[in-house]
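Residues per chain are reported as follows:
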Amino acid sequence: MVSTTLQRFKRDELSDIVQFIIANLTSNIDVFYELDVLKRPPLPTEVKKLYRDAKYTPLLKKKDHECINKVLRSNGTLKKRELLAIVDHVMTTRYLLEAFCIAYVGDDESLGSFCAMIGYSENYKRLLKDFVYLKRRKHVHRMAAYAKAAVNLYGVVRVDEVFNIIKYFEGTDKSDDGYKREKGSYRFTVMADPKNFNVIMLYAYLEGLAGNIPLTIDGLLLAGVFGREY
């Protein structure tokens, strides 16, 4: 049932909320891997190979594809009832909510505030009790945080240099400890499992999770005035 809080939003406000949710959801590479209608550049071959080698089990079901595709193809023309249904579907479907929250670009406090603002605070609080989700989100955002810190420090830095910094401080984690779920939905992840982390996956992270940092086609991360000049 659609939350009462959500129903109070006007149609244009709901459209912005839906665009925001889908933008974050599709920044999750586990989701992005399964989509074929996005206008963004496709995943690098090396990342696709990670998924094939891992024999990744598809996460999205038919209705999930329908919801995401409807938004991506709509050009902002969806009716209020359609927008309400899409938000409710993402926020009440356990694996979609987790995928959205893992890729959400803000901090945990703003994520909680967003879920409360649209009336799905209880769903988010239940997710916070899941230690697998917590480990996945922490890993993904710690990697993106390294990139932001390196850019703030150096102004201009290559992605492969950021990767080497991460390897120096984090080492290489090839264990499966805590990143797989024994049962239930979203049991496996490629994006949020440290054993799959490499420089190509870092590129994929930066396309979405740190998208506010300009990334050039030749692999340079730019800060502030450098980004504006570029």
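This is a predicted model, so every value here is computed, not measured.

> Before we move on, could you go through the packing of helix H2 (residues 11–25) against helix H5 (residues 62–74) and cite the residues and values that matter?
Following both chains from N to C, one finds H2 and H5 inclined at 115°, their axes separated by 11 Å at the closest point. Considering only the axes of H2 and H5, their crossing is left-handed. On H5, the residues touching Val18, Gln19, Ile22 and Leu25 of H2 are Ile68, Val71 and Leu72. Of the residues that constitute the contact of H2 with H5, the class distribution is 6 nonpolar, 1 polar and no charged.

> Residues and numbers for the packing of aromatic side chains, please.
Evaluation of the coordinates by the stated rule reveals 10 aromatic pairs. Where phenylalanine 20 meets phenylalanine 114, the ring centres are 5.1 Å apart and the plane angle is 55°; that geometry is what we call tilted. Of this pair, phenylalanine 20 sits in helix H2 while phenylalanine 114 sits in helix H8 (residues 108–117); the two residues are 94 residues apart in sequence, bridging distant segments of the chain. For phenylalanine 20, a relative accessible area of 29% corresponds to the partly exposed category. Considering the side-chain rings of phenylalanine 163 and phenylalanine 197, the 5.6 Å spacing of their centres and the 40° angle between planes classify their relative orientation as tilted. Of the two residues, phenylalanine 163 sits in helix H11 (residues 159–170) while phenylalanine 197 sits in the loop between H11 and helix H12 (199–208), which places them 34 residues apart along the sequence.

> Describe in detail the environment of lysine 180, supporting the description with residues and values.
Note that lysine 180 resides in the loop between H11 and H12. Here lysine 180 falls in the partly exposed class, since its relative accessible area comes to 31%. Sequence separation between lysine 180 and lysine 135 is 45 residues; the distance between their C-alpha atoms is 9.9 Å.

> Hey, could you go over the pattern of salt bridges for me, with residue numbers and the actual values?
All chains considered together, the criterion is met by 11 salt bridges. The residue aspartate 160 makes a salt bridge to arginine 158 at a minimum N-O spacing of 3.5 Å. Through salt bridges that share partners, Arg94, Glu98, Asp130, Arg136 and Arg181 make up one connected network.

> Quick rundown of unusual backbone geometry? Include the residues and the values.
Not every positive phi belongs to a glycine, and lysine 55 is a case in point at roughly 50°. Tracing the sequence through the fold places lysine 55 in the loop between helix H4 (45–53) and H5. On the basis of relative accessibility, which here comes to 70%, the residue lysine 55 falls in the exposed class.

> Which residues make up H4, and what values go with them?
Of all the residues in H4, the buried ones are Val47, Leu50 and Tyr51. Across the axial projection of H4, the buried residues extend over an arc of 95°, all falling on one side. Those residues of H4 that are exposed and angled more than 90 degrees off the buried face are Thr45 and Asp53. Of the residues flanking the end of H4, it is lysine 55, one or two places downstream, whose phi is positive at about 50°.

> Quick one: what's the story with H2, residue by residue and with numbers?
Between its first and last C-alpha atoms H2 spans 21 Å; for 15 residues at 1.5 Å apiece the expected length is 21 Å, and the two agree. Regarding H2, the residues found buried are Leu14, Ser15, Ile17, Val18, Ile21, Ile22, Asn24 and Leu25. Where H2 is buried, its residues touch helix H1 (4–7), helix H3 (29–32), H5, helix H6 (80–92), helix H7 (94–103) and H8.

> I'd like a description of a nonpolar patch on the surface, backed by residues and values.
Together, Leu128, Phe131 and Leu134 make up a nonpolar patch on the protein surface, roughly 290 Å² of accessible area in all. Of note, leucine 128 is situated in the loop between helix H9 (121–127) and helix H10 (131–154).

> Would you mind going over the confidence of the model for the protein in detail, with residue names and values included?
Averaged over all residues, the pLDDT of the protein equals 84, while 85% of them reach at least 70. Across the protein, H9 holds the top mean pLDDT of 97, while helix H13 (residues 224–229) sits lowest at 48. The low-confidence segment residues 225–230 (pLDDT under 50) makes 7 contacts with residues lying over four places distant or belonging to another chain.

> Describe the side chain of asparagine 196, naming the residues involved and giving the relevant values.
Mapped onto the fold, asparagine 196 is located in the loop between H11 and H12. Owing to a relative accessible area of 11%, asparagine 196 belongs among the buried residues under this scheme. Once you skip the residues sitting within four places of it in the chain, asparagine 196 turns out to touch Leu50, Thr189, Val190 and Met201.

Cut-offs applied
Residues numbered from 1 in each chain as written. Predicted model: local features only at pLDDT ≥ 70, side-chain atom pairs only at ≥ 80, totals over all residues. Heavy atoms only, no water. Axes fitted to C-alpha atoms, helices over the stretch in contact; angles between N-to-C directions. Helix = DSSP H or I, 4+ residues; strand = E, 2+ residues; numbered from the N terminus. Left-handed = near helix turned anticlockwise from the far one by under 90°. Contact = heavy atoms within 4.5 Å. Nonpolar A, V, L, I, M, F, W, Y, C, P; charged D, E, K, R; others polar. Phe/Tyr/Trp six-rings, centres within 6.5 Å; stacked < 30°, edge-to-face > 60°. Buried < 20%, exposed > 50% of the residue type's maximum accessible area, 1.4 Å probe, protein only. Salt bridge = Lys/Arg side-chain N within 4 Å of Asp/Glu carboxyl O. Arc of directions from axis to C-beta. Expected span 1.5 Å × (residues − 1). Patch = residues over 30% accessible without salt bridge, like charges linked within 9 Å, V, L, I, M, F, W, Y side chains within 5 Å. Areas by Shrake-Rupley, 256 points an atom, 1.4 Å probe, with all protein chains shown as cover. pLDDT = per-residue confidence, 0-100.

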